[in-house]
Amino acid sequence: MRILVLALRRIAWMPPTLLGLIGIVFFISRIIPADPARVMAGENASPAQIEALRQKFGLDLPLWQQFVNYVSDVLSGNMGISLYSQRPVAEDLIGRLAATFELAIAAMVVAIAIGVPLGVVSALNRNKFIDQVIRLVTMAGLAMAAFWLAILLQLFFSMTLGITPVQGRIDGWGPDSITGFYTIDAMLTGDGEMFAKSLWYLALPTATLAIPAAATIVRFTRAGVLNALSSNFVFYQSAMGLPRRTIIWKYILRSALIGTLTQIGLVFGNLLAGAVVIETVFSWPGLGLFAYNSILQSDYNAIMAFTLFTGTVFILVNLLIDIAQTLLDPRSRA
Amino acid sequence: MTKFVPLSINRRTALMGLSAAGLIGMNGEALAARRKFVTANNNPYDILDPHQLFDIGRIAVRLNMYDALTRWVDNPPKLQMWLVEKADISPDGKVYTFTLKPNVKFHDGTVMTSADVVYSMERILALKKGAYGLFKDVVEPGTTKALDPRTVQFTLKAPFAVFMAVLSELWVVNSALVKKNEKNGDWGADWLSKNEAGSGGYALRRYDPAVGFQAARFEGHFAGWGKNPIDDAEFRVVMETATRVLGVMKGEFNTTDGYLPAEQMARMKENPNIKTWEAESIRTFYFIINHWKAPLNDVNMRKALCYAFDYDGFNDKILSGTVVRNNGIIPNPMWGAPKGLKGYTYDLDKAKYHLAQVKNVRPLQIGAMAGYPQSEQAAQMLQAGCAKIGLEVKIVTEPYTTIAPKLNDRERAHDLIPLWRSAYFADPHNWTGFLFNTKNFDAGNASYYSNPRVDELCDQALIVTDQEKRRVMYEEVSQILVEDAAGIFINNTKFHGAFTKNTKSIRFCPIGDAQDVRWIEMEG
Amino acid sequence: MKAVRIFRDRALLIGVVIISCLVLVAVFAGPLSTYPDHVTGFDPNHRLTQPGWQFLLGTDRMGADIYSRLLFGARLTILISVIATATAVIIGVPIGLVAGYFDGWASEALMRISDIFLAVPQIVLAIAIAQTLGPSIQNVILALSATYWPFWARLVYAETRSQRNEIYVEAAKAMGASPLRIMALHILPNISGSIIVRTTIGMGATILAAASLGFLGLGAPPPAPEWGRMIAESREFLPKAWWYATAPGIAILMVVMGFNLMGDGLRDVLDPRLRRGGSDGK
């Protein structure tokens, strides 16, 4: 019952957050620029075209009225037309969502697979040499500019050794779209070669994104295990004479993992944000590359829609993770 | 009446194309051995509408999937009659009457008629994008007439000697198909941005803005086909220079863009599977000087700038000699560029001398194009030179889409803008009258340069049709522009082609580079 | 426990050393550099030269000495991160204090707004703002301060909530101190430790974000020796010019690491409540 209430409370918090997000984007796009119509029309527009746009989008209305219109537009899925491609921006963005998610999820999996064991090892060997090394590497992982790491990896693995593709999502055309995830679609269509290829293209961008994420996970896991180790509960258990191995596997790891899980929302959010920059280096055709191209073309509607869209995805993902956590964490069941 | 006789377009190859048509397609063996040609391009094909695109970077869409009334080939560029069988021009140079070739088919099998040409012209004038700037001064909406299904007539507002030349950008769309997909009077802009309605050598098969496009050879193309033509033309978007180069070296791509840094070209030249060649193009790089803003209206100020730019340092060192020094605005290989035109040199003493005579010197601003390293580097070069004569220069970077409109707004325009003038049509007017005629203030003359003699010559050259007479006029214009230091003229671009060895008969043309796939032969 | 303290102190020490170096380099960029005029100047004859005795870290696409530019870039880095972080602190701390001290709809509203900011990736918002304003150093600073203040607002809010019922606050109230006085003179000093820790780590985050904006072309225009921009420029010349991106990348790495180490170390010294059994948790 309590879980339900908690979950409902989180869901109830959604609409105001989304409204707030729309408000921020509205502020950036309509209030910061001196003349939003001019910015939106693109620099090529004639005064008449700008005036037409002002009329069309009601930019001559009072601000509150504009805001109401803006909200209702966004809620009905209308994020404006790209100045550049003349297509509805929402369409382009949805088409690119799968690429970004495939990358972020792959990086998440790798980050957990590396981060959790390293965190546990680090905690169990606290202050020994191996712990110090792991902590130093973690520090560096968090302090690195991801786009720089990406270039280094390209330089070494692709250009010097020639074993990975420099960039791109696939060599040419992907598998027939079912889910939009190349790896999964390739598996579903039973195309082994395509599957291997898509994994190969995923390698470097995934590694770039996974390294800082893994560093974060190492830190949280280590802290979680250390906390569990120092708890009275464990002290009591070992006093009872339970073997150390059992304590570690059965109690410490479990509580540490739950602690880590609570951070996954944060980590996944960072991954999505990181993808924005990384995608431009690897020409990964997701949301980030879309944003970068829009920046280059001063495609104003597209950038604002991207902000809104990414923000919404971000909020939704965090909501889902929150709810999942509420369901999984025994402490909240009490 | 001046009559244009159509050039024979490879009659021999046309015949061969016909016989090949009977064989290929039905035969499984032939299908398996489809010749595929992949180009790695550095411009995203985020839109396919031939009337919204105008740049050379994405010309592959237009050249390969569409046809226009005329077409440029080879270097130096020659104008071919393409969709047109016969052209009549009225003695006053205002009425152009064209007879279309019979049986030109669109990809859906519809026969092209003059109504399609009329629709295409009206569409360009209505959308006001792409090649609009070429036609807006001479063609009014509603004045293009379909006299009969194969005859179309243009009535111009004024004589325009380069009209035939700019018709190469009147890409004809299948009007019935586009009309069927119109939404709220958008001229089918939404639909045509991701579909194709052309008659060109290749028909769109796959398109993904993130990947590029693939087009299959259109067997029924009116011009026929040569020996061993490419069956599948694929254009991929590959933004990273290193990937494009690596891809060609590995044979994943057959070619890439022709404007790579010297270091990358050097890597390809060493590769045994690649053949490279270079050709002087017609694309001049120069600084626009905004004459509207004082003290840039002072010829001494402009001369000081011209003497403060290190031409050799830029062309030979920074760009490692991948370009050719061009003293004037008209590219060297183009007729109308005076032989032995004396340009400016890097001479700080002269620069100081001229600067000393300028009153009210103020810091200047360069608007460099973001994402175009050469534009940024030229800005830095000029800034460093000016610093040595005690002139302060500030650089801002903006995307071209932000800079372009300011070009037509004298107050908001930057003082100086380093950019290219590409060939949209191969006629000296492209570099002179268009850029420096007072008439074109706010519409092409981004320098706000005004000289009555230049205006007179440029106007005259659009009325006279004899090329020899026009040449003399343009040579004089070119000379005056240098004397007036109307801009800082720096170099002419060289095209550096790199192709896999199994390709041949590539025809490079400055208008479209080497992206016209229909001419390319490939070994089985 | 002792070993932990030593490591901790060592971390702080290393952090302080790195940051001091950064400041020294920024201040003495002129005398330390081998080609002081290469901030705007260059030498086309030595374009893309490998690192060596003449050019310690090689040269860039214009033939400018990367080592010298790197030193001057430190100034830009400090300028951007200090102003942006300071602005974020100046906006965020009062908001957090007021919202934490008072109850009511206004406090609630302020916190909800900062929550919304925190719900979206900072870099995404910063891109939108920087794009709206146009590329320049000032606008990078503006974009970063506008997106980073909620971190401080959140932190100070939580801290103030936990402090406002403490006895010393009650005592001040009883003596008739005004809310402003209580917030500024009583609560603020008590929570300053965690603000300093957050700010130190925030500096690192700001440097990374500023470099990302520079990399995307939204930062300072050329020839500004901005580290992110230098890395972006190098891409066209890979793999030949491997040194081009290497040096600025390492510089960013070192500086951000310096701030993080310093922040971690300061946390132990200034914020003892967080020193739980050597935990690394934030």
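Everything numeric in this text was worked out from a predicted model, so none of it was measured.

Looking at this structure, I do not really get the overall build of chain B. What am I missing?
Secondary structure summary: chain B contains 18 helices and 20 strands in total. Its C-alpha atoms give chain B a radius of gyration of 24 Å, near enough to 24 Å, the size a compact globule of 524 residues would have. Evaluated residue by residue, chain B yields a buried proportion of 62% over its 524 residues. Residue pairs in contact within chain B that sit at least 24 positions apart in sequence constitute 71% of those at least 6 positions apart. Accessible area of chain B: about 19100 Å², with a carbon and sulfur share of 53%.

Teacher, can you tell me more about the pairing of strand β11 (residues 232-237) of chain B here?
The side chains of a regular strand alternate, residue by residue, between the two faces of the sheet. Residues and elements named next belong to chain B. Of all six residues in β11, six are buried; the element is thus mostly enclosed. Because side chains alternate across β11, one face comprises the buried residues D232, E234 and R236, and the other comprises A233, F235 and V237, equally buried. One ladder, built from six bridges, connects strand β2 (residues 36-41) with β11; its direction is parallel. Directly across from K36, in β11, lies its bridge partner D232.

Would you mind showing me how to read the confidence of the model for chain A here?
The predicted coordinates should not be examined in detail at positions where pLDDT is low. Within chain A, residue pLDDT values average 82, and 93% of them lie at 70 or more. For chain A, the element scoring lowest by mean pLDDT is helix α2 (residues 36-41) of chain A, at 67; helix α6 (residues 129-143) of chain A scores highest, at 92.

Even after reading the chapter, I still don't get the environment of L57(C), so can you show me in this structure?
Residues and elements named next belong to chain C. Tracing the chain through its elements places L57 in the loop between α2 (29-32) and α3 (66-101). Residue class for L57 comes out partly exposed when judged on its relative accessible area of 28%. Distance in space between the C-alpha atoms of L57 and I14 is 24 Å, their sequence separation being 43 residues. Excluding its chain neighbours within four sequence positions, the residues that come into contact with L57 are P51, I66, Y67, L70, W243 and A247.

How should the interface of chain B and chain C be read in this particular structure?
Often the size quoted for an interface is simply the accessible area lost on bringing the parts together. Each partner contributes residues to the interface: chain B has 21 residues there, and chain C has 19 residues. In total, about 2000 Å² of surface goes out of reach between chain B and chain C, with carbon and sulfur atoms giving 54% of it. Looking at the side of chain B facing chain C, the largest losses of area belong to E263(B), I318(B) and Q380(B), adding up to 27% of the total buried there. The interface formed by chain B and chain C contains three salt bridges. Taken together, chain B and chain C are joined by nine residue pairs in polar contact (both at pLDDT 80 or more). Only α9 (241-250), α10 (262-269), α12 (311-318), α14 (373-388) and β16 (393-398) of chain B provide two or more residues apiece to the side of chain B that touches chain C. Taken together, the residues of the side of chain B that touches chain C sort by class into eight nonpolar, eight polar and five charged.

Please clarify how the domain arrangement of chain B should be interpreted in this entry.
Residues and elements named next belong to chain B. If you check the domain split of chain B, you get domain 1 (11-234 + 502-522) and domain 2 (281-494). Across the domain 1/domain 2 interface, buried area totals approximately 1400 Å², and carbon plus sulfur atoms make up 72% of it. Where domain 1 packs against domain 2, one counts zero salt bridges. At the boundary of domain 1 and domain 2, one finds one residue pair in polar contact (both at pLDDT 80 or more). For the side of domain 1 that touches domain 2, the elements supplying multiple residues, two or more each, are α5 (132-135) and α6 (163-166). Each residue belonging to the side of domain 1 that touches domain 2 can be placed in one class, and the counts come to 14 nonpolar, two polar and two charged.

Which parts of the structure should I look at to understand the interface of chain A and chain C?
The interface of chain A with chain C comprises 47 residues on the first partner and 52 residues on the second. With both chains or domains summed, chain A and chain C bury close to 4500 Å², and 75% of this area falls on carbon and sulfur atoms. The largest per-residue losses of area from chain A upon contact with chain C belong to M139(A), F147(A) and W148(A), which jointly make up 14% of the total buried on that side. Summed over the shared surface of chain A and chain C, the result is one salt bridge. Our count for the contact surface shared by chain A and chain C stands at three residue pairs in polar contact (both at pLDDT 80 or more). Considering each element in turn, the side of chain A that touches chain C owes the most residues, nine residues, to helix α13 (residues 300-328) of chain A. Residues belonging to the side of chain A that touches chain C are distributed by class as follows: 34 nonpolar, nine polar and four charged.

In this structure, what is going on with the pattern of salt bridges? I would like to understand it.
Once the charged atoms of two side chains with opposite charge are near each other, the side chains can pair. With the rule as written, the count across this model stands at 44 salt bridges over all chains. Residue K136(B) is joined to D137(B) by a salt bridge in which the shortest nitrogen-to-oxygen separation is 3.4 Å. According to the relative accessible area criterion, K136(B) is partly exposed, its value standing at 28%. Among the salt bridges present, the one from D115(C) reaches R112(C), with a minimum N-O distance of 2.8 Å.

Just to check I follow, could you spell out the domain arrangement of chain A for this structure?
Residues and elements named next belong to chain A. According to the domain assignment, chain A contains domain 1 (9-75) and domain 2 (97-333). Each of domain 1 and domain 2 was reduced to a C-alpha centroid, and the two centroids are 34 Å apart. With 15 residues of domain 1 at the contact, the number on the domain 2 side is 13 residues. With both sides pooled, the region where domain 1 packs onto domain 2 buries about 1300 Å², and carbon together with sulfur makes up 81% of that total. By the criterion of area lost to domain 2, the three top residues of domain 1 are R10, M14 and L21, representing 37% of everything that side buries.

Would you explain the packing of aromatic side chains in this entry?
Between two aromatic rings, the relevant description is the distance of the centres plus the angle of the planes. All names here are of chain B. For the coordinates displayed, the defined rule picks out 42 aromatic pairs over all chains. Each ring, one from Y119 and one from W187, has its centre 5.4 Å from the other, and the planes form 45°; the classification is tilted. Placement of the pair is Y119 in helix α4 (residues 114-127) and W187 in the loop between α7 (175-180) and α8 (189-192), with a sequence separation of 68 residues. Judged by its relative accessible area of 25%, W187 falls in the partly exposed class. Judged by centre distance (5.7 Å) and plane angle (90°), the ring pair of F436 and Y449 falls under edge-to-face. Of this pair, F436 sits in helix α16 (residues 433-436) while Y449 is found in the loop between α16 and α17 (452-463), placing the two residues 13 residues apart along the sequence. Of the two residues, F436 and Y449, neither departs from the other in class, the shared state being buried. Members of the aromatic cluster, joined through ring pairs, are F285, F287, F309, Y311, F314, Y372 and W420. We note R518 situated over the ring of W225; from NZ or CZ to the ring centre the distance is 4.6 Å.

What's the story with unusual backbone geometry in this structure? I'm lost.
Glycine aside, residues mostly have negative phi, and peptide bonds are mostly found in the trans state. Following N75(B), the chain continues into P76(B) via a peptide bond in cis, with omega recorded as -5°. Along the chain, P76(B) falls in the loop between β3 (70-73) and β4 (78-81). In this chain, L238(C) is followed by P239(C) through a cis amide linkage whose omega measures 0°. Residue position: P239(C) is located in the loop between α9 (227-234) and α10 (242-270). Phi angles above zero are rare outside glycine, and A485(B) is one such case at about 50°.

I would appreciate a short explanation of the packing of α3(C) against helix α8 (residues 179-215) of chain C in the present structure.
A pair of packed helices is characterised by two quantities: the angle between their axes and the separation of those axes. All names here are of chain C. Relative to each other, α3 and α8 sit at 145°, their axes nearing to 8 Å. Here the hand of the crossing between α3 and α8 comes out right-handed. Of the residues in the contact of α3 with α8, the class split is 18 nonpolar, six polar and no charged.

Can you walk me through the state of the cysteines in this structure?
A covalent bond bridging the sulfur atoms of two cysteines is what the word disulfide describes. Residues and elements named next belong to chain B. Inspection of every chain in the model, using the stated rule, returns zero disulfides over all chains. Of the cysteine sulfurs around C458, a residue in no disulfide, the closest is that of C306, at 19 Å. Look at C458 and you get buried, because its relative accessible area is 2%.

Hey, could you run me through the nonpolar core in this one?
Generally speaking, nonpolar side chains in soluble globular proteins are found buried as a group. Counting 178 residues, the largest nonpolar core has L93(A), F147(A), F268(A), L271(A), L144(C) and W227(C) as its most contacted members. The element contributing the most residues to this core is helix α11 (residues 244-282) of chain A, with 17 residues. Domain assignment of the residues forming this core places at least three in each of domain 1 (9-75) and domain 2 (97-333) of chain A. Filtering out sequence-adjacent residues up to four positions away, F147(A) remains in contact with V277(A), I278(A), V281(A), A211(C), S212(C), F215(C), G228(C) and I231(C). One finds V61(B), V162(B), L319(B) and M473(B) within the second-largest nonpolar core, a separate group that totals 161 residues.

What is the right way to read the side chain of E234(B) from this model?
Positionally, E234(B) belongs in strand β11. Of the polar contacts made by the side chain of E234(B), one reaches the side chain of R236(B); its length is 2.6 Å.

Basis of the calculations
- Residues numbered from 1 in each chain as written.
- Chains lettered and ligands numbered in written order.
- Predicted model: local features only at pLDDT ≥ 70, side-chain atom pairs only at ≥ 80, totals over all residues.
- Heavy atoms only, no water.
- Helix = DSSP H or I, 4+ residues; strand = E, 2+ residues; numbered from the N terminus.
- Rg over C-alpha atoms; globule rule 2.2 N^0.38 Å.
- Buried < 20%, exposed > 50% of the residue type's maximum accessible area, 1.4 Å probe, protein only.
- Contact = heavy atoms within 4.5 Å.
- Areas by Shrake-Rupley, 256 points an atom, 1.4 Å probe, with all protein chains shown as cover.
- Pairing = 2+ DSSP bridges.
- pLDDT = per-residue confidence, 0-100.
- Buried area = accessible area lost by both parts, 1.4 Å probe.
- Salt bridge = Lys/Arg side-chain N within 4 Å of Asp/Glu carboxyl O.
- Polar contact = N/O pair within 3.5 Å; in protein donor to acceptor, adjacent residues only side chain to side chain.
- Nonpolar A, V, L, I, M, F, W, Y, C, P; charged D, E, K, R; others polar.
- Domains from an automatic or database assignment.
- Phe/Tyr/Trp six-rings, centres within 6.5 Å; stacked < 30°, edge-to-face > 60°.
- Lys NZ or Arg CZ within 6 Å of the ring centre and 35° of its normal.
- Axes fitted to C-alpha atoms, helices over the stretch in contact; angles between N-to-C directions.
- Left-handed = near helix turned anticlockwise from the far one by under 90°.
- Disulfide = S-S within 2.5 Å.
- Core = buried A, V, L, I, M, F, W, Y, C linked by side-chain atoms within 4.5 Å.

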